[in-house]
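Tertiary structure, described
Take a look at the letters that make up each chain.
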Amino acid sequence: MIEILEPSQLPRAREVGALVAEILQSLKSRSAVGVNLLDIDRWAESMIKEAGALSCYVDYAPSFGRGPFGHYICTSVNDAVLHGLPFDYAIADGDLVSLDLAVSLGGVVADSAISFVVGDTQPAESLALITATERALAAGIAVAGPGVRIGDISHAIGTTLAEAGYTVNTEFGGHGVGSTMHQDPHISNTGRPGRGYKLRPGLLLALEPWIMADTDKLVTDADGWTLRSATGSRTAHSEHTIAVTSDGVEIMTLPEV
Ligand code: MG
Ligand code: MG
């Protein structure tokens, strides 16, 4: 199903988007060497509850995961790239951390993910991965707008990743957002321009390029949720929720500077 927001719902989308951005930036600033992934999860829980928002994750039980997720944020470290289930792990110097958060407020969902390296050791390969996903996300956002097709966004993301030297996995990608987290249309991270659903004002989309350094193959962790690169190589993921407007797009989950 594809939901189109009423103009009156846009302020709510802005509000939940700002909340998700604020929580992610707060968690990033606190993600120091020695911080446990379970601490990050608890901080996310308290900030979500304090804002009167609802977690999209805690009861989430899709076909691709094992039972209810049971946590408030995805914490994917190093070779983990998507759906990282928080566990008892203390962040080490040089770890590449991806945080993915979706919450609902006032009946509207926002979904965003950030990747960053923690500590004094900043491996060039990790920084290149992060930059590539951020550039691909920016390219997808730059092309989006009313009348544009989903394939145009997929193409912009995919060519940016390919030009940076990465291969794209098509099992998971972006998606529509609205009253629930995962809606149609699916937005592959590679595709042909001019194909697919034509964007309309009021549509909320989550664009989310993610890559693995030397493979496009995923393996599922023993926890039944966390997806890792099949080779153990490092990975990165960047995501924003955007709203299609009458003359372009507005990024809902942009952090304040
Ligand atoms: Mg997400
Ligand atoms: Mg998403």
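Before reading further, recall that the structure is shown in the block above.
Summarised in this report is the structure supplied together with it. (Residues numbered from 1 in each chain as written. Chains lettered and ligands numbered in written order. Predicted model: local features only at pLDDT ≥ 70, side-chain atom pairs only at ≥ 80, totals over all residues. Heavy atoms only, no water.)

1. Some details on the environment of His155
Stated precisely, the cut-off is as follows: Strands are runs of DSSP state E lasting at least two residues, helices are runs of H or I lasting at least four, and both sets are numbered from the N terminus onward. Contact criterion: two residues are considered in contact whenever any of their non-hydrogen atoms come within 4.5 Å of each other.
Relative to the assigned elements, His155 resides in helix H4 (residues 150–163). A sequence separation of 62 residues divides His155 from Lys217, and the C-alpha atoms of the two residues are 20 Å apart. Leaving out residues up to four positions away in the same chain, His155 has contacts with Gly191, Arg192 and Pro193.

2. What about the sheet that holds strand E10 (residues 218–220)?
Spelled out, the test is: Strand pairing follows a simple DSSP-based rule, namely that at least 2 bridges must link the two strands. Lines are fitted to the C-alpha atoms to define the axes, a helix being fitted only along its stretch in contact, and any angle between axes, read from their N-to-C directions, falls within 0 to 180 degrees.
Pairing in this open sheet of three strands is antiparallel, and the strands run E3-E11-E10 from one edge to the other. The sheet is open, and its two borders are formed by strand E3 (80–82) and E10, each paired with just one other strand. For this sheet, the mean inter-axis angle between neighbouring strands, taken without regard to orientation, is 45°. Bridge analysis of E3 against strand E11 (residues 227–229) gives two bridges, and the strand direction is antiparallel. In the sheet register, Leu82 faces E11, and the bridge partner there is Leu227.

3. Examining the pairing of strand E7 (residues 183–187)
Bridge count between strand E6 (residues 174–177) and E7: two bridges; the pairing is antiparallel. Along E7, the bridge assignment pairs Gly176 with Gln183. Here E6 folds back onto E7, and the loop between the two strands holds five residues.

4. So, the environment of Pro86
Using the following cut-off: Between buried and exposed lies partly exposed: a residue is buried under 20% and exposed over 50% of the maximum accessible area for its type, with that area taken using a 1.4 Å probe on protein chains only.
Position of Pro86 among the secondary structure elements: in the loop between E3 and strand E4 (96–105). Since its relative accessible area comes to 4%, Pro86 is described here as buried. The residues contacting Pro86, other than those within four sequence positions of it, are Leu37, Leu38, Asp41, Phe69, His71, Ile73 and Thr75.

5. Quick look at the coordination of the magnesium ion (ligand 2)
Defined as follows: As a rule, N, O and S atoms within 2.8 Å of a metal are its donors, except that Na, K and Ca use 3.2 Å; water is not among the atoms, so sites may look incomplete.
Within the protein, the atoms that donate to the magnesium ion (ligand 2) are Asp111 (OD), His175 (NE2), Glu208 (OE) and Glu239 (OE), at distances of 2.1 Å. Mapping the donors of the magnesium ion (ligand 2) onto the primary sequence gives the spacing D-x63-H-x32-E-x30-E. Separation of the magnesium ion (ligand 2) from the magnesium ion (ligand 1) amounts to 3.1 Å, with Asp111 serving as a shared donor to the pair. With His175 in strand E6 and Glu239 in the loop between strand E12 (235–237) and strand E13 (240–244), this pair connects stretches of sequence that are 64 residues apart. The pair His175 / Glu239 is uniform in exposure class, with both members buried.

6. Here we look at unusual backbone geometry
Asp184 connects to Pro185 through a cis peptide bond whose omega is 0°. One non-glycine residue, His83, lies in positive phi territory at about 60°. The topology assignment puts His83 in the loop between E3 and E4. According to the relative accessible area criterion, His83 is buried, its value standing at 14%.

7. Notes on the packing of helix H3 (residues 124–143) against H4
Packed helices, taken two at a time, are described by their axes: the angle between them and the distance between them. Quick note on the threshold: Orientation categories follow fixed angle ranges, with anything under 35 degrees roughly parallel, anything over 145 roughly antiparallel, 65 to 115 roughly perpendicular, and all other angles oblique. The handedness criterion is simple: a crossing whose near helix is rotated anticlockwise from the far helix by less than a right angle is left-handed, and one whose near helix is rotated clockwise is right-handed. Think of it as three bins: nonpolar holds Ala, Val, Leu, Ile, Met, Phe, Trp, Tyr, Cys and Pro, charged holds Asp, Glu, Lys and Arg, and polar takes everything else, Gly as well.
Contact geometry of H3 with H4 gives a least axis separation of 8 Å together with a crossing angle of 155°. In terms of orientation, H3 and H4 fall into the roughly antiparallel class. Helix-helix and strand crossings are classified by hand; for H3 and H4 the assignment is right-handed. On H4, the residues touching Ala132, Thr133, Arg135, Ala136, Ala139, Gly140 and Val143 of H3 are Asp152, Ile153, Ala156, Ile157, Thr160 and Leu161. Across the contact of H3 with H4, the residue classes break down as eight nonpolar, three polar and two charged.

8. Some words on the side chain of Glu239
Under the convention used in this document: Residues scored as positive are Lys and Arg, those scored as negative are Asp and Glu, and His as well as the terminal groups of each chain are ignored. Every case where a carboxyl oxygen of Asp or Glu lies within 4 Å of a side-chain nitrogen of Lys or Arg is listed as a salt bridge.
No salt bridge forms around the buried Glu239; measuring N to O, its nearest opposite-charge neighbour Lys28 is 15 Å away. Apart from the residues within four sequence positions on either side, Glu239 is in contact with Asp100, Asp111, Ser112, Ala113, Leu137, His175, Ala206, Leu207, Glu208 and Thr253.

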